[in-house]
Amino acid sequence: MEQVIATAARTPKGKKRATTYYVLVTLAWLVFFLVLVLPLLMVLTQGLAKGVGAFWQAISEPDAISALKLTLLATAISVPLNVVFGLATAWSVTKFEFRGKSLLLALIDLPFSVSPVVVGLVYVLLFGAQSYFYPFLTAHHLEIVYAVPGIVLATIFVTLPYVARELIPLMEQQGTQEEEAARLLGANGWQMFWYITLPNVKWALIYGVVLCTARAMGEFGAVSVVSGHIRGLTNTLPLHIEILYNEYNIVAAFSVAILLLLMSLVVLLLRQWSEGRLAKQVEKHQQELAPNEH
């Protein structure tokens, strides 16, 4: 095979294709370096400009710790809820036919098309001082906007599609044959889900959870609108970085950015691992279907 490629490369068309190949690869790596690698290097350089001591002081101050805790809290609440929603939606869409199915699929993608800032403004209009619900919330001492519940709601909305959108294609590909066979053998809905559906989609589920987690930790726009930027109370890590930068505390801002970057790298490694396992699962399923097709 290598000899065939080498022989083809010696022809005029082969040389032209080889030149195009190397040019495209070089441009891809150049764009990758300028857009991704260089900014990350700048973050590391600026964050460690005054040494490890200044970096540690920036990420260990009370406001930074509070922002970290709130980021993890919002992520810990929103991701499990989106897992439940994603599983329920994917199960409904792929296993049943019902009116409004197309509308449901369109609504799942709504957070992809709506600006996060608009989402934040919607929650302010719904639960803010000018809303219809505000007297009820005040009477019952409930705080949503400019408090933790508003941040969690905004995070849930922007991360809503990730789990469902990873599960739906795989579950559609797998079909309903195994569930139908289990039903004929007397299995109930919970048994079919727990012993058949969930094992078949576990890697797609993990992959969706990883994507959802990464999006939740880095959310800025919607959270910025509903948080009120109360330092030490309603600031997540991205908001804390913005405040530090606006105060010209550059080293501290980039130090906290390094902390967020490290968290993102951990999620990225989990994403690569789960993506590889998901690809193997899909390949295995295709191999199992191949004999049946013939």
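The rules we used
- Residues numbered from 1 in each chain as written.
- Predicted model: local features only at pLDDT ≥ 70, side-chain atom pairs only at ≥ 80, totals over all residues.
- Heavy atoms only, no water.
- Helix = DSSP H or I, 4+ residues; strand = E, 2+ residues; numbered from the N terminus.
- Contact = heavy atoms within 4.5 Å.
- Areas by Shrake-Rupley, 256 points an atom, 1.4 Å probe, with all protein chains shown as cover.
- UniProt positions renumbered as here; feature names shortened; annotations may be inferred.
- Salt bridge = Lys/Arg side-chain N within 4 Å of Asp/Glu carboxyl O.
- Buried < 20%, exposed > 50% of the residue type's maximum accessible area, 1.4 Å probe, protein only.
- Axes fitted to C-alpha atoms, helices over the stretch in contact; angles between N-to-C directions.
- Parallel < 35°, antiparallel > 145°, perpendicular 65-115°, else oblique.
- Left-handed = near helix turned anticlockwise from the far one by under 90°.

Colleague: How would you sum up the overall build of the protein? Please name residues and give values.
Modeller: When helices and strands are tallied, the protein shows 15 helices and zero strands. A separation of at least 24 residues holds for 75% of the contacts in the protein among residues at least 6 apart in sequence. As displayed, the protein has an accessible area near 17800 Å², and 68% of this comes from carbon and sulfur atoms.

Colleague: Describe the UniProt feature "transmembrane region" (unreviewed entry) in the protein, listing the residues and the values that go with them.
Modeller: Here the UniProt-annotated "transmembrane region" (unreviewed entry) positions come out as residues 21-44, 64-91, 103-124, 144-164 and 250-270. Overall, residues 21-44 shows 100% helix and 0% strand. The separation of its end C-alpha atoms is 33 Å.

Colleague: Requested: an account of the pattern of salt bridges, with residues and values cited.
Modeller: According to the stated counting rule, one finds five salt bridges in the structure shown. Note that Arg231 is salt-bridged to Asp63, the shortest N-O span being 3.1 Å. Taken together, the positions of Arg231 in the loop between helix H13 (221-227) and helix H14 (237-246) and Asp63 in helix H4 (residues 62-95) put the pair 168 residues apart, joining distant regions of the chain. In this structure, Arg215 and Glu219 form a salt bridge, with 2.4 Å as the shortest nitrogen-oxygen distance. Arg215 sits in the partly exposed class, given a relative accessible area of 25%. The exposure class assigned to Glu219 is buried, which follows from its relative accessible area of 2%.

Colleague: Lay out the packing of H4 against helix H10 (residues 161-174) with the relevant residues and their values.
Modeller: Two elements in contact, H4 and H10, have axes separated by 8 Å at closest approach and are oriented at 30 degrees. As far as their axial angle goes, H10 and H4 are roughly parallel. Every pair of crossing elements has a handedness; the one defined by H4 and H10 is right-handed. Contact with H4, carried on its side by Asn82, Val83, Gly86, Leu87, Ala90, Trp91, Thr94 and Lys95, involves Val163, Ala164, Leu167, Ile168, Met171 and Glu172 of H10 and no other residues of that element.

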